[in-house]
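# Structural overview for review
Read off the chains here:
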Amino acid sequence: MLYRENGQFKTTYSADQQLMPIAQDRWLMIALVASSFLAVPLLASDYALRALIIPFLILTIAAIGLNILVGYCGQISLGSAGFMGVGAYVAFNLTLRVPQLDFLVVLLLSGGSAALIGIGFGIPSLRIKGLYLAVATLAAQFFLDWVFARIRWFTADSSSGSVSTNPIEMLGWTVERPVDKYLLVLGVVCLLTLAAKNLTRSYIGRAWMATRDMDVAAEVIGVRPLTAKLSAFAVSSFYAGVAGALWGFVYLGSWEPAAFGVSMSLNVLFMIIIGGLGSMVGSFFGAAFLVVLPLLLNQIPGMVGIDLSTAMKSHMESMIFGGLIVLFLAIEPHGLARLWAIGKEKLRIWPFPH
Amino acid sequence: MPLAIGRLRRHWPVVLLAMLLVVGLVAPLAGGAATSGFFLEVLLGGLMAGVLYSLVALGFVLIYKASGVFNFAQGAMVLFAALATARLAEQFPLPLAVVMALGLMIGFAWLVERLVLRPLVNQSAATLLMATLGISIFLEGFGQAVWGNDIYRIDLGLPKDPMIVGARLFDGGILISREDLVAASVVAALVLALSLFFQKTATGRALRAVADDHLAAQSIGIPLNRIWVIVWSVAGFVALVAGLVWGSKLGVQFSLSQVALKALPVAILGGLTSIPGAIVGGLIVGVGEKFADVFLGQALARWFNLEGGGIEQWFAYVLVLAFLLVRPEGLFGERHIDRV
Amino acid sequence: MSRRASIGDVLLQVEHASLTFGGVNALVDISFDVLEHEIRAIIGPNGAGKSSLLNLINGVYAPGAGTISYLGQVHERMHPHDAARMGIARTFQSLALFKGMSVLDNIMTGRTLRMRCGLLAQALHIGPAAREEIEHRKLVEGIIDFLEIQAYRRQPVGSLPYGLQKRVDLGRALALEPRLLLLDEPMAGMNLEEKQDMCRFILDVNEEFGTAIVLIEHDMGVVMDISDRVVVLDYGRKIGDGTPDQVRANQQVINAYLGVAH
């Protein structure tokens, strides 16, 4: 009734191919974006911004990046946190050693360096496939871990191995309050999501999906495996690098090398599995899930009257997480995004049952 | 004779590595007794560590060989089995505790088959891999929630003091850990038993059939579900043995599951479908790591102004990565031919 | 027929090609040629090596011995994407469609080679990138019209019946605007009506676009009806080469199909 496409005829190809062909979707998206920029800063508490919304947004960027590599191009990667680390450490070194640089430039350079490293570690994907590739990406992860922990230059000779950041200077505006940080991250998320959506709908995105579905057939129609896979690694690592820089500067403030270790890689992978592989909106869902679950686990036992130690809570978190992974893969391998799509389908014919 | 030469040519990486090993053994001997003593110590230490890696890698290979699933949860299984034994041994005599732990692992195998493998039976390898990741996380949390997350001791009654060998040949002699020697013999016995099991028994044959094509295996009447429970139980048994050996050496704690992360490249280096491959891979990685740490680590620390150490973090993985580029199916793995 | 009159020079030349898989001789000393604008059929009992021959032509396998020359140039090691770039397209016996994509997207992937705009332009979807996409969309819609699958363009290919999937496979190959089209059993598993449709499409492609076609087919009626020349394989060797009538009268071919011991 509300969500029908009645009367919305497309008379040109560009109308048919637009991002949101259904008018109701367009209105919803405009409303969502407007309220994100205007309403949320006014209504949300500093705590909500700092502990929930900002990490959610930054993790979404990382999730979109990994989704491009794993969900769209079919290359399993367990090293995404390593590339996040590259972005974070490059950003740290740039702000430290070249303080005149605007933070936007720093972000671009962080993403760019992560992309270059990503291409380097992506080269094995031409010979190695499937789970062998997963193990090869672990090599990248552990090697990068070691580089950042041991090579003193990266941590500016810090004795403990941890680094801390200065406030962000961007276009003459000092980003210090949670609201400022939120708006910065929101802006980046909007831009990068739009870019990712455009890419996945373009011939490059189709080449990625062709490589994922059947790489021999893809080669037969002219897709160069080299170009497809390395471009996926490059774009994915770019996103990871930007996410890492933001994670370190905006969310953490200061960090040790363990912050970008293998557990972060696995977290990003779980985000996209639960959210939905090969789906933009799924990356958002997955990131939200990952941020909300620990919070729930923290609050609910207290509310129900059960007292759990912090260690026990983290164990419960692991159990629920692991259990949900298996559950999702068994019931809905396409994740929350598929449930969302099914919901929308039902809405289109509501109030009729079919 | 020609058959042997043909065999050698096919397994050229192994031959190359063996030759490198021999050269490496002989060269320092020319350099004098003192250096070669140290060298031998590092070598033996590496071999022992390698044997322990092989033990965990065996579990990977078993499950992959028989069900085509790459079991990321093997490390968590090792931890769980070790935790169970350690805590049960506080209440019951050790042999009984071990048997009870084995029972738990069989129960776990049954649960995995029922709740994970059966629903995901026709999914892609990537999906199954991620499912085992989920199992791994679950098991780590569950194990620690039930058994606690302190460090626990397992006392196998193994002598802890090292042996000193060849005090006359080398300066001060070479240190060999008795514990490691026992571990090595256990692994050798296990490998023999498992190889025989796979090659000679009917169940072993059924396991190999299932790994090759489970639809075809089903259509000749092999009970898929029971086979999977058997496989995961055997892998659980291997995990238990690994847990006991590692646990008595390092103490039973959470970091035990990280050890399994090392065993991953070992299994792949050996070629995931080969039991002897897991052993050879383990030895190569163990020795390689030790040597890299001792020799390469010093060099790198000097050149790059490093904090020092830590090469073991990534050496095994990078080694395997380099190897896979040359030979994507591992040392003894089977070549995969794509039919179009 | 007017079609026969337009048959031109040698497009593809296979000379003494052999292919071995770990001890099994898939192809032994195969030589034949394909002329511009003609329809060439490859027939033979199962396991004769027909699909392997097609794989050889488009670079999926490299010959162990012998050469393959296309448009007069000998190719040492041709990768499938090189073959695609030179205008050789193919369909697969087992329908190698991209199951995760819709019909429209599957056929659009065939245009990948011709799309030029870089990563950044695509990400921003501005001017040249948007125009390019529309241009290629028009061409792909033309193919969709030709194959009469307009109603299914947005459906995921995995959900279509087998006959329609075969058409999508053909459409994707046509999107390359090929000079040489390799069809691997295009009519396998089809009923009479579907076969007639497919025959019509193949003939139309040859007439309208002038594409030379090499097809593997088991249905002798189809082969005799539409092909200009036929190659017969048996146990990896060529046992017949000529017009359909010549091949039909060839004793060796008859023996191979009737199973006389050799």
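Since we're looking at a predicted model, the values are computed, not measured. (Residues numbered from 1 in each chain as written. Chains lettered and ligands numbered in written order. Predicted model: local features only at pLDDT ≥ 70, side-chain atom pairs only at ≥ 80, totals over all residues.)

## A look at the overall build of chain B
Within chain B one finds 13 helices and two strands. Counting every position in chain B, which comprises 340 residues, the buried fraction comes to 43%. Taking as baseline every contact in chain B between residues at least 6 positions apart, the subset at least 24 positions apart corresponds to 74%. (Helix = DSSP H or I, 4+ residues; strand = E, 2+ residues; numbered from the N terminus. Buried ≥ 20, exposed ≤ 12 C-beta atoms within 10 Å, placed from the backbone. Contact = placed C-beta atoms within 7 Å.)

## Considering the sheet that holds strand β5 (residues 73-75) of chain C
Residue and element names in this part refer to chain C. Taken in spatial order, the four strands make up an open sheet running β2-β1-β4-β5, and their pairing is antiparallel. A strand with exactly one partner marks an edge of an open sheet, and here the two such strands are β2 (24-35) and β5. The average angle at which neighbouring strand axes cross in this sheet is 25°, direction not considered. Taken together, the five bridges between strand β1 (residues 10-21) and strand β4 (residues 65-70) define a ladder with antiparallel strand orientation. Residue pairing for β4: L12 is matched across the bridge by Y70. (Pairing = 2+ DSSP bridges. Axes fitted to C-alpha atoms, helices over the stretch in contact; angles between N-to-C directions.)

## Section: the interface of chain B and chain A
Each side of the interface is counted separately: chain B has 42 residues, and chain A has 37 residues. Secondary structure elements with two or more residues in the side of chain B that touches chain A: α6 (125-147), α11 (256-270) and α13 (315-326) of chain B. Ranked by residue count, the leading element in the side of chain B that touches chain A is α6(B), at 17 residues. Among the residues forming the side of chain B that touches chain A, the class breakdown is 29 nonpolar, 10 polar and three charged. (Nonpolar A, V, L, I, M, F, W, Y, C, P; charged D, E, K, R; others polar.)

## Quick look at the packing of helix α4 (residues 74-91) of chain B against α6(B)
All names here are of chain B. Put simply, α4 and α6 touch, their axes get as near as 9 Å, and they point 15° apart. Accordingly, the angle class assigned to the pair α4 and α6 is roughly parallel. Crossing handedness for the pair α4 and α6: left-handed. Residues G75, A76, M77, L79, F80, L83, A84 and R87 of α4 lie in contact with α6, whose contacting residues are S136, L139, E140, G143 and W147. In terms of residue class, the contact of α4 with α6 is made up of eight nonpolar, three polar and two charged. (Parallel < 35°, antiparallel > 145°, perpendicular 65-115°, else oblique. Left-handed = near helix turned anticlockwise from the far one by under 90°.)

## Focus: the sheet that holds strand β6 (residues 88-90) of chain C
Residue and element names in this part refer to chain C. The six strands lie next to each other as β6-β7-β8-β3-β9-β10, forming an open sheet whose pairing is mixed. Only two strands of the sheet have a single partner each, and these edge strands are β6 and β10 (237-242). The sheet shows a mean angle of 15° between the axes of neighbouring strands, taken without regard to direction. Relative to strand β9 (residues 229-234), strand β3 (residues 39-43) runs parallel, the two being bridged by four bridges. Each bridged residue has a counterpart across the sheet, and for I42 the counterpart in β9 is V231.

## What about the interface of chain C and chain A?
Contacts between the two partners involve 34 residues from chain C, matched on the other side by 26 residues from chain A. Elements supplying a minimum of two residues to the side of chain C that touches chain A: α3 (80-85), α4 (103-109), α5 (119-124) and α6 (127-147) of chain C. With five residues, α6(C) is the largest single contributor of residues to the side of chain C that touches chain A. Of the residues that constitute the side of chain C that touches chain A, the class distribution is 17 nonpolar, nine polar and eight charged.

## Side note on the domain arrangement of chain C
Residues and elements named next belong to chain C. Its domain assignment divides chain C into domain 1 (1-87 + 178-262) and domain 2 (99-176). A separation of 27 Å is found between the C-alpha centroids of domain 1 and domain 2. Listed per partner, the contact involves 10 residues of domain 1 and nine residues of domain 2. Looking at the side of domain 1 that touches domain 2, the elements with two or more residues in it are α3 and α8 (192-209). No other element matches α8, which puts three residues into the side of domain 1 that touches domain 2. (Domains from an automatic or database assignment.)

## Focus on unusual backbone geometry
Residues and elements named next belong to chain C. Positive phi, close to 55°, is recorded for L71, a residue that is not glycine. By secondary structure assignment, the location of L71 is in the loop between β4 and β5. Judged by local crowding, L71 falls into the partly exposed class, with 15 C-beta atoms found within 10 Å. Here the phi dihedral of L95 falls at roughly 50°; this positive angle occurs in a residue that is not glycine. Here L95 is to be found in the loop between β6 and α4.

## Some words on helix α3 (residues 46-72) of chain A
All names here are of chain A. A bend of about 35° at I53 is the largest found in α3, and the proline P55 appears one to four places after it. Judged by how many residues are buried, α3 sits mostly within the fold: 20 of 27 residues are covered. G74 lies just past α3 and shows a positive phi near 75°. (Bend = angle between axes of the 7 residues up to and from the residue.)

## A word on the pairing of β1(C)
Residue and element names in this part refer to chain C. Two strands pair when backbone bridges link them, and β1 and β2 are joined in this way by eight bridges, in the antiparallel orientation. Looking across to β2, one finds that L19 is bridged to L27. In sequence, β1 turns back onto β2 through a hairpin of two residues, with G22 there showing a positive phi of about 45°.

## Quick word on the pairing of β10(C)
Residue and element names in this part refer to chain C. Pairing between β9 and β10: five bridges, direction antiparallel. Paired with V231 across the strands is D241, a residue of β10. If you look at the hairpin formed by β9 and β10, you'll find two residues sitting between the two strands, and Y235 has a positive phi there, around 50°.

## Things to note about the confidence of the model for chain B
When the pLDDT values of chain B are averaged, the result is 79; 81% of them are 70 or greater. Mean pLDDT in chain B bottoms out at helix α1 (residues 2-10) of chain B, which sits at 64, and peaks at helix α5 (residues 94-117) of chain B, which reaches 90. (pLDDT = per-residue confidence, 0-100.)

## What about the nonpolar core?
In this structure, A:I325, B:V78 and B:A82 are the most contacted members of the largest nonpolar core, which totals 286 residues. When residues of this core are assigned to their parent elements, the largest contribution, 18 residues, is made by helix α3 (residues 33-67) of chain B. Counting the residues that make up this core, at least three belong to each of domain 1 (1-87 + 178-262) and domain 2 (99-176) of chain C. When sequence neighbours within four positions are dropped, the list of residues in contact with B:V78 reads B:V56, B:A239, B:A242, B:G243, B:W246, B:L256, B:S257 and B:A260. (Core = buried A, V, L, I, M, F, W, Y, C linked by C-beta atoms within 7 Å.)

## A word on the confidence of the model for chain C
As a note on interpretation, predicted positions should not be read in detail where pLDDT is low. Residues and elements named next belong to chain C. Considering every residue of chain C, the mean pLDDT works out to 87; 96% of them sit at 70 or more. When mean pLDDT is compared element by element in chain C, strand β7 (residues 180-184) scores highest at 94, while helix α1 (residues 2-5) scores lowest at 63. Of the two predicted TM-score estimates for the complex, the pTM is 0.86 and the ipTM is 0.82.

## Some thoughts on the environment of C:G44
Residues and elements named next belong to chain C. Residue position: G44 is located in the loop between β3 and α2 (50-57). A C-alpha to C-alpha distance of 52 Å links G44 and L124, two positions 80 residues apart in sequence. Filtering out sequence-adjacent residues up to four positions away, G44 remains in contact with K50, V232, L233 and D234.

## Structural notes on the packing of helix α11 (residues 262-275) of chain A against helix α13 (residues 310-331) of chain A
Residues and elements named next belong to chain A. Following both chains from N to C, one finds α11 and α13 inclined at 40°, their axes separated by 9 Å at the closest point. Considering their axes alone, α11 and α13 lie oblique with respect to each other. When the axes of α11 and α13 are compared, the crossing they make is left-handed. Within the contact between the two elements, α11 uses F270, I273 and I274 and α13 uses F321, L324, I325 and F328.

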